[in-house]
Amino acid sequence: MRSKVNPEIKHNGPPRNHRTLYAESARNSGFLPNGASDREVVRINPNKPLRILKFGGTSVADASCMQRVVEIIRAASRESQLVVVVSAMSGVTNKLIEAAVHSEAGNREAVARIFSDLRQRHGAAMTGLIESDSQRNRIGQQMQELFREGERLCEGAMLLHELTPRARDAISSLGERLSAPLLAAVLDESGLGSQCVEATELVVTDSYYGGAEPWMDLTRERSLGRLRPLIQQGLVPVVTGFIGATEDGVLTTLGRGGSDYSATILGAALDADEVIIWTDVDGLLTADPRLVPDACLISEISYREAAELAYFGAKVLHPKTLRPVMEQGIPLRIRNTFAPEKLGTKITPAGCANGGGVTALAAVTDAAMISIGGPGLVGVQDVLGRTFATATAVRSDVLLISQSSSQNDICLVVSSTQAKRTLEALRHEFSHDLAHEKAEHITLDATVAIVTVVGQKVPGMAGIAGRVFVALGRENVDLLAVAHGASACNLSLVVARKDVQTALAAAHREFQLGALASAMFPVSNSGRPIAWAYESERTGSDAD
Ligand code: ADP
Ligand code: ASP
Ligand code: MG
């Protein structure tokens, strides 16, 4: 059986560097499975750490942003060996998907307009960045070929009036396939030798288009084989984020926002010392700054808390980002491309000992709640097992579940994009059991959101749940469902989508997570001012 994100670990007795120690501390604190640490060390220059730097869409949005990225890479290259992972320029993937959808609907003009805009935008970035005529010609031609490839794929969808998941992936991958060669060329021209590498040569995945999973052992083999020689030559490989390919070489994507995942997959495959996600905020904040304006920087946080925040909606990290590095104890950082002097957030196995209080909040604003119930289900065997199996079969991630076992009533929450297919699959699965009932006993509420409170010991800490309920009650926010205790570090609440901002603000205030609140009224998570508390219950999230 091949490993996915659970790579086979080789025990070659690597030097005990800081990362080996992280892995040890992770194992000791129960975050790592036994035996998962001492990996094959691939360091080319043992005196220089290997870092993966990932730049998101806003970091490469135009020529001036890319120029910043070049300076960050230059500074990092003085002390590290590097592999760069890059996203599409911001908004480009959305436009490509729009073009794909228009193609299926036969809207030729809309498709042409999108490609014309994309040509113009990439052309402008290239002109602003590359001076040498020969480089411009080379990159310009490469871009034209990619645009023609995209147009041909759209043409195919128009002819067939069908957009297959495979074609959709091929079209949506173009953004990264355009930005990576451009960045590599700019680095090269600026004197930092660089080469663009398409991740289709490195990341081997299954064939689940739109959300493929890597085969880690094959990915490791290919990444080492392809990237090690480049690093040995002193070059900086620039790898396309977001994409991979099946063993037969068919392009796949890892899911929206998947370049973060690409970075940690490569970090794990190459046994890197650190993965740094460069983005447009100072780091991981105590809440989404678009929903809670006084959200405050978290200087250090555990893998598990960060993973929960990512899973429950903190867009700054793709939900699967932590998986590959957790197994190897590789630290992750989130830093701001537009304020590189700031240290950002460090994500480590054990995080910051903060006494177990609330660290941060997250929200999934586009959730949908499916309820299964009614008299017809009383006495039906294994409703829960069948529900999970059905959701899994349609690759639906169940974000939260709440069950009344006596009645067999269940409600589960999934993301809106997965709601329709999950609902249909469940209605099909239980159609016999509900034959005498109406199908409406499996119902969908597409207007909900999940608010999640994360902290190292949130479920176990006396009073936290009560304080959340009271704080939300004070603002007249109704709770539609609650999941508490299943995870070691979160409490999740389902609320009406219209209430999500109010709920976040109330909880943020209640736990004094805001920058202003913590500076003016330093209060511990128990509600007592720090000066009164017997132990400091929260220090980590105060730091900036
Ligand atoms: P990139 O283009 O670099 O991948 P994203 O847009 O995917 O960036 O993610 C960064 C955005 O995530 C931020 O601009 C911010 O609005 C949002 N975000 C949501 N929750 C959080 C959080 N808890 N901390 C930081 N940013 C968050
Ligand atoms: N460009 C891809 C997206 O927009 C991947 C990423 O940016 O991480 O989803
Ligand atoms: Mg992102």
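Model, not experiment: these values are computed from the prediction. (Residues numbered from 1 in each chain as written. Chains lettered and ligands numbered in written order. Predicted model: local features only at pLDDT ≥ 70, side-chain atom pairs only at ≥ 80, totals over all residues. Heavy atoms only, no water.)

Examining helix α2 (residues 63-79)
Filter applied, for reference: What counts as a helix is a DSSP run of H or I of at least four residues, what counts as a strand is a run of E of at least two, and both are numbered from the N terminus. To estimate how far a helix should extend, the number of its residues minus one is multiplied by 1.5 Å. Working definition: with a 1.4 Å probe on protein chains only, accessible area under 20% of the residue-type maximum means buried, over 50% means exposed, and in between means partly exposed. Taking the helix axis as origin, the arc is that swept by the directions to the C-beta atoms. Residue contacts are defined here by distance: any two heavy atoms, one from each residue, within 4.5 Å place the two residues in contact. Within 3.5 Å is the distance limit for a polar contact, defined as a pair of N or O atoms, with the added protein rule that one can donate a hydrogen and the other accept it, and that residues adjacent in sequence qualify only through two side-chain atoms.
Look at α2: 26 Å from first C-alpha to last across 17 residues, which is about the 24 Å you get at 1.5 Å a residue. Those residues of α2 not exposed but buried are Ala 63, Cys 65, Met 66, Val 69, Val 70, Ile 72, Ile 73, Ala 76 and Ser 77. Around the axis of α2, the buried residues are gathered within 170° of arc, so they sit on the same side. Pointing more than 90 degrees away from the buried face of α2 are the exposed residues Ser 64, Arg 78 and Glu 79. Close packing links the buried residues of α2 with β1 (50-55), β2 (81-86), α4 (108-129), α7 (174-189), β4 (236-240) and β7 (274-279). One side-chain oxygen at the N-terminal end of α2 lies 3.2 Å from the backbone nitrogen of Ser 64; it belongs to Asp 62.

Quick word on the site of ligand 2
For the record, the criterion: Think of it this way: one heavy atom of a residue within 4 Å of a molecule or strand is enough to make that residue near it. For accessible areas, the Shrake-Rupley method is used with a probe of radius 1.4 Å. Any residue's cover is judged against the shown protein chains and nothing else.
Ligand 2 sits among Ser 87, Ala 88, Thr 93, Glu 176, Phe 242, Arg 256, Gly 257, Gly 258 and Ser 259. The side chain of Glu 176 places a nitrogen or oxygen atom 2.6 Å from a nitrogen atom of ligand 2. Ser 259 is positioned such that a nitrogen or oxygen atom in its backbone is 3.0 Å from an oxygen atom of ligand 2. Contact with the protein chains hides 85% of the accessible area of ligand 2, taken as 260 Å² for the molecule alone.

Considering unusual backbone geometry
You will see that Phe 242, though not glycine, has its phi angle at about 75°, which is positive. We classify Phe 242 as buried; its relative accessible area is 4%. Phi at Asp 271 takes a positive value of approximately 60°, unusual for a residue other than glycine. For Asp 271, the position within the fold is in the loop between α9 (259-270) and β7.

Notes on the sheet that holds β7
Quick reminder of the rule: Following DSSP output, two strands are said to pair if at least two bridges run between them. Helix axes are fitted to C-alpha atoms over the stretch in contact, other axes to C-alpha atoms as well, and angles between N-to-C directions run from 0 to 180 degrees.
Pairing within the open sheet is mixed, and its eight strands lie in the order β3-β4-β2-β1-β7-β9-β10-β8. The sheet terminates laterally at β3 (194-197) and β8 (300-302), the two strands that pair on one side only. Averaged over all pairs of adjacent strands, the angle between their axes in this sheet comes to 20°, without regard to strand direction. With three bridges joining them, β8 and strand β10 (residues 345-348) adopt parallel strand pairing.

Quick word on helix α12 (residues 383-393)
Those residues of α12 lying buried are Val 383, Thr 387, Thr 390 and Ala 391. Buried residues of α12 fall within an arc of 100° about the axis and therefore sit on the same side. Exposed residues pointing more than 90 degrees away from the buried face of α12 are listed as Thr 392 and Ala 393. Positive backbone phi, approximately 50°, marks Arg 395, located one or two places after α12.

A word on the packing of helix α3 (residues 92-104) against helix α5 (residues 133-160)
The condition is simple: Any angle from 65 to 115 degrees is called roughly perpendicular, while one under 35 is roughly parallel, one over 145 is roughly antiparallel, and all others are oblique. Here the term charged refers only to Asp, Glu, Lys and Arg, the term nonpolar to Ala, Val, Leu, Ile, Met, Phe, Trp, Tyr, Cys and Pro, and the term polar to all other amino acids, Gly among them.
Look at α3 against α5: their axes get within 7 Å of each other, and the N-to-C directions meet at 30°. Between α3 and α5, the angle falls in the class roughly parallel. Together, Ala 99, Ser 103 and Glu 104 of α3 and Cys 154, Ala 157 and Met 158 of α5 make up the contact between the two elements. Residues belonging to the contact of α3 with α5 are distributed by class as follows: four nonpolar, one polar and one charged.

Regarding the confidence of the model for the protein
To be explicit about the condition: In predicted models, pLDDT denotes the confidence assigned by the predictor to each residue on a 0 to 100 scale.
In this model, the protein carries a mean pLDDT of 86, and residues with pLDDT of at least 70 account for 83%. This model gives residues 6-41 a pLDDT under 50, and the stretch forms 74 contacts once residues within four places in sequence are excluded. Segment residues 517-544: pLDDT under 50, and 53 contacts once partners within four positions in sequence are set aside and those in other chains are kept.

A few points about the site of ligand 1
Taken together, 17 residues form the shell around ligand 1, and within it Thr 279, Asp 280, Leu 285, Arg 290 and Lys 315 come nearest. Between ligand 1 and Lys 54, the relevant distance is 3.2 Å, taken from an oxygen atom to a side-chain nitrogen or oxygen of the residue. Contacts to ligand 1 include Gly 57, whose backbone N or O atom sits 3.1 Å from an oxygen atom. Notes on ligand 1: free accessible area 580 Å², of which the protein chains cover 89%. Among the residues making up the shell around ligand 1, the classes are represented as seven nonpolar, five polar and five charged.

Considering the sheet that holds strand β14 (residues 442-454)
The strand order across the open sheet formed by six strands is β12-β13-β11-β14-β16-β15, and the pairing between neighbours is antiparallel. Looking along the sheet, the strands with just one partner apiece sit at the ends: β12 (400-404) and β15 (481-484). Recorded for the sheet is a direction-independent mean angle of 25° between the axes of neighbouring strands. As judged from the 10 bridges shared by strand β11 (residues 360-372) and β14, these two strands associate in the antiparallel manner. Looking at the pairing, Ala 360 lines up with Val 454 of β14.

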